[in-house]
Amino acid sequence: MVSLKFLSILPAILASVPLIASAPAEGRTHNGKTTAARPTVYPHPLNTGKKFPDSPRRTKTCFIDALGGGQDDGPQILAAAKKCNNGGTLAFLDDLYTIGSPLDLTFLKHVDFDIQGTLKFTDDIDFWIRNQFHYYYQNITSFWQIGGEDVNMFGSGKGVIDGSGQKWYDMYDVQKLNTTFLRPMLIVFDGIKGGQVSGLKFRNSPNWNTFIGNSSDMIFDNMRIEAASTSKIQAKNTDGFDTYRSDNIVIQNSDVNNGDDCVSLRGNSTNILIQSLHCNGSHGISVGSLGQYYQNQDIVENVYVFNITMENASDGARIKAWPGIFGEAIPGWVGGGGTGYVNNVTYDTMLLNNVDLAIEITQCYGQKNLTACNEAPSSLEIKNVFFHGFYGVASKKYDPQVGSLICSSPSVCHDIHAWNINVLSPTAKAPYYSCYNMDTSLLGFTCKALT
Ligand SMILES: *[C@@H]1O[C@H](CO)[C@@H](O)[C@H](O)[C@H]1NC(C)=O
Ligand SMILES: *[C@@H]1O[C@H](CO)[C@@H](O)[C@H](O)[C@H]1NC(C)=O
Ligand SMILES: *[C@@H]1O[C@H](CO)[C@@H](O)[C@H](O)[C@H]1NC(C)=O
Ligand SMILES: *[C@@H]1O[C@H](CO)[C@@H](O)[C@H](O)[C@H]1NC(C)=O
Ligand SMILES: *[C@@H]1O[C@H](CO)[C@@H](O)[C@H](O)[C@H]1NC(C)=O
Ligand SMILES: *[C@@H]1O[C@H](CO)[C@@H](O)[C@H](O)[C@H]1NC(C)=O
Ligand SMILES: *[C@@H]1O[C@H](CO)[C@@H](O)[C@H](O)[C@H]1NC(C)=O
Ligand SMILES: *[C@@H]1O[C@H](CO)[C@@H](O)[C@H](O)[C@H]1NC(C)=O
Ligand SMILES: *[C@@H]1O[C@H](CO)[C@@H](O)[C@H](O)[C@H]1NC(C)=O
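About the criteria used
- Residues numbered from 1 in each chain as written.
- Chains lettered and ligands numbered in written order.
- Predicted model: local features only at pLDDT ≥ 70, side-chain atom pairs only at ≥ 80, totals over all residues.
- Heavy atoms only, no water.
- Phe/Tyr/Trp six-rings, centres within 6.5 Å; stacked < 30°, edge-to-face > 60°.
- Buried < 20%, exposed > 50% of the residue type's maximum accessible area, 1.4 Å probe, protein only.
- Helix = DSSP H or I, 4+ residues; strand = E, 2+ residues; numbered from the N terminus.
- Arc of directions from axis to C-beta.
- Contact = heavy atoms within 4.5 Å.
- Core = buried A, V, L, I, M, F, W, Y, C linked by side-chain atoms within 4.5 Å.
- UniProt positions renumbered as here; feature names shortened; annotations may be inferred.
- Salt bridge = Lys/Arg side-chain N within 4 Å of Asp/Glu carboxyl O.
- 1 Å grid on protein atoms, 1.4 Å probe; cavity = no way out; pocket = protein on both sides within 12 Å on 5 of 7 lines; lining within 4 Å.
- Points joined across faces, edges and corners; volume = space filled by probe spheres on them.
- Nonpolar A, V, L, I, M, F, W, Y, C, P; charged D, E, K, R; others polar.
- Pairing = 2+ DSSP bridges.
- Near = heavy atom within 4 Å.
- Polar contact = N/O pair within 3.5 Å; in protein donor to acceptor, adjacent residues only side chain to side chain.
- Areas by Shrake-Rupley, 256 points an atom, 1.4 Å probe, with all protein chains shown as cover.

1. Digging into the packing of aromatic side chains
In this structure the tally under the stated criterion is 21 aromatic pairs. Considering the side-chain rings of Trp208 and Phe211, the 5.7 Å spacing of their centres and the 25° angle between planes classify their relative orientation as stacked. No difference in accessibility class separates Trp208 from Phe211, as the two residues are buried. A centroid spacing of 3.7 Å and a plane angle of 15° characterise the contact between Tyr433 and Phe445, whose relative ring orientation is stacked.

See the structure below:
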């Protein structure tokens, strides 16, 4: 026990040394506006212990002048990206750019995006349904895909990427059972090797905001994500950050106001550090869902989640895995029987306010029938998970239950530790956690057996 506790606090000992050389400001002016300095971004206060590649200073600038009047700026952005590839900066200094066509920027090398205005996607649903990018994983789609080597985007606290989600939110309410009505994610980082994304606001994505796939060595810093509906219909599935098939990713110092996972770590996310986030309205910091694809392997390993404030959320820390059998939860939402494991995941210091469940583990995701889940234990193992330093107050939803840890069998769910957990009931009752197939001797809180 003691040695394990020490292991899990190891990253705190690593000093916060800037690992990335800062690029000096160019300070070039164009139409009376000046390019911004690329900010110095580095993991802080913890780091992953892995090196991030250097990002050499850029030597040329491509200024993009907004066409205005709702005309599509997409084609000229693509042209500028080709022109300024291999060592240039794309400067978006105007107030408003309109994006009315999909943009495939997966060929980038040593490129910066200096975004000082708003890039706004059109909300022509019929157009985007026919022209968005498609991915195999969960049938996701996107407006934009960005990939390559050494790519930085910075908004200097002013830049905004706006998904014009309202029409999509309202339409989804009517079309949610329609499996061909696919809402685009705001941005997919696909196959990035080395990148920093900072100082940007992502607003009203129709679907997940930031998908980080097939990527490594990226830092997201000082971001603000907001997805909120102005109608009675909620802004659904607006995850803040998702990682998939990615290694050495840091997400830090950011604010997420949304209606789904604040961060979600999906299959093959390794060496991930999430720190100093403020999440509101979300489904928590999630691992998963995993094991959705029959006999496909999902691995989530070496994850550290530190210093999170979680408000008005369904969950604080959450790990979700599908059971061992394949089934359909709701139309188009099928899964189960995938393999792999979750190993060495720490949640350290979480302040909660109005959160339904401080900690939730399930190996029965998508399967509400516990007996059925029990008969086919998850083939996705969960082990070496540490929760400590949880404070604050839960919501009234399950009061005085403040957590739920449901494993499908002790053999595929073990070495789950919790200590220093002080989450209160909002009505000052004695709080408890529902536990099923868990080794409760490792859990420093009151478990109630689920029957
Ligand atoms: C389902 O969505 C597609 C894409 O938006 C649309 O073309 C189709 O008409 C929708 N089907 C129904 C029954 O509304
Ligand atoms: C990641 O790589 C796989 C395999 O090359 C590819 O199928 C997929 O489209 C890529 N992107 C994403 C976002 O999954
Ligand atoms: C924790 O995060 C908050 C922002 O949510 C930040 O102000 C504070 O400095 C962080 N604490 C540590 C120890 O990094
Ligand atoms: C925080 O989330 C709650 C509940 O979803 C929402 O009502 C509130 O507007 C959000 N606050 C901000 C600042 O977005
Ligand atoms: C994850 O990595 C394992 C081992 O390399 C591989 O077998 C599996 O297909 C990968 N899964 C995904 C979702 O990419
Ligand atoms: C567990 O993950 C942390 C990062 O979160 C890492 O520092 C540590 O070395 C890992 N432990 C093992 C045993 O690999
Ligand atoms: C959380 O919700 C409460 C009640 O709706 C609200 O007063 C509070 O401002 C919300 N928190 C944030 C950060 O918006
Ligand atoms: C994509 O959607 C179709 C139609 O709902 C479904 O049959 C299929 O399983 C989905 N594919 C994936 C990879 O989730
Ligand atoms: C739950 O699953 C068990 C075992 O597969 C089955 O016998 C039972 O009918 C199911 N219950 C419901 C309510 O579907």
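2. Quick word on helix α2 (residues 74-83)
Taken as a whole, α2 has its buried residues at Gly74, Ile77, Ala80 and Ala81. Projected onto a plane normal to the axis of α2, the buried residues spread over an arc of 125° and lie on a single side. Every exposed residue of α2 that faces more than 90 degrees away from the buried side is listed here: Pro75, Lys82 and Lys83. Where α2 is buried, its residues contact β3 (60-63), β4 (88-92), β5 (96-99), β6 (103-115) and β9 (141-154).

3. Structural notes on the nonpolar core
One recurring pattern in soluble globular proteins is that nonpolar side chains are buried together. Ranked by size, the top nonpolar core spans 92 residues in total, and within it Ile285, Tyr347, Phe387 and Phe390 carry the most contacts. Judged by nonpolar contacts, the second largest core, of ten residues, contains Tyr135, Tyr137, Trp208 and Phe211.

4. Some details on the UniProt feature "active site" (unreviewed entry) in the protein
In the UniProt entry, the feature "active site" (unreviewed entry) is given for His283. In this fold, His283 is placed in the loop between β19 (269-280) and β20 (285-290). The class of His283 is partly exposed, set by a relative accessible area of 26%.

5. Looking at the pattern of salt bridges
Under the definition given, this model contains 19 salt bridges. With its nearest N and O atoms 2.9 Å apart, the salt bridge here joins Arg224 to Glu226. Here Glu226 falls in the partly exposed class, since its relative accessible area comes to 21%. Shared partners join several salt bridges into a network, and the residues in it are Arg38, Arg58, Asp112 and Asp150.

6. Here's the deal with unusual backbone geometry
That bond from His44 to Pro45 is cis: its omega, 0°, falls within 30 degrees of zero. With respect to the secondary-structure elements, Pro45 resides in the loop between β2 (33-34) and β3. If you check the backbone angles, His110 has positive phi at about 50° while not being a glycine. The residue His110 is located in strand β6 in this model. Classification of His110 as partly exposed rests on a relative accessible area of 22%. A positive phi is found at Ser156, a non-glycine position, where the angle reads about 50°. Mapped onto the fold, Ser156 is located in the loop between β9 and β10 (160-162). We classify Ser156 as partly exposed; its relative accessible area is 37%.

7. What about empty space enclosed by the protein?
Within this structure, the stated rule accounts for two cavities of 30 Å³ or more. Volume-wise, the second largest cavity comes out at about 40 Å³. Lining the second largest cavity, in full, are Cys413, His414, Asp415, Ile416, Asn437, Met438, Asp439 and Leu442. Here the lining of the second largest cavity is composed, by residue class, of four nonpolar, two polar and two charged.

8. Observations regarding the pairing of strand β16 (residues 241-244)
Side chains Phe241 and Thr243 project from β16 onto one buried face, and the interleaved Asp242 and Tyr244 project onto a second face that is buried too. Pairing of strand β13 (residues 210-213) with β16 involves four bridges; the strand directions are parallel. Directly across from Phe211, in β16, lies its bridge partner Asp242. Pairing analysis gives three bridges linking β16 to strand β18 (residues 263-265), with the strands arranged parallel. Paired with Thr243 across the bridge in β18 is Leu265.

9. A short note on the site of ligand 7
For ligand 7, the full set of nearby residues is Asn280, Glu311 and Asn312. In this structure, an oxygen atom belonging to ligand 7 sits 3.5 Å away from a side-chain N or O atom of Asn280. Between ligand 7 and the protein, one listed contact pairs an oxygen atom with a side-chain N or O atom of Asn312 at 2.4 Å. About the coverage of ligand 7: the protein hides 35% of its 360 Å² of free accessible area.

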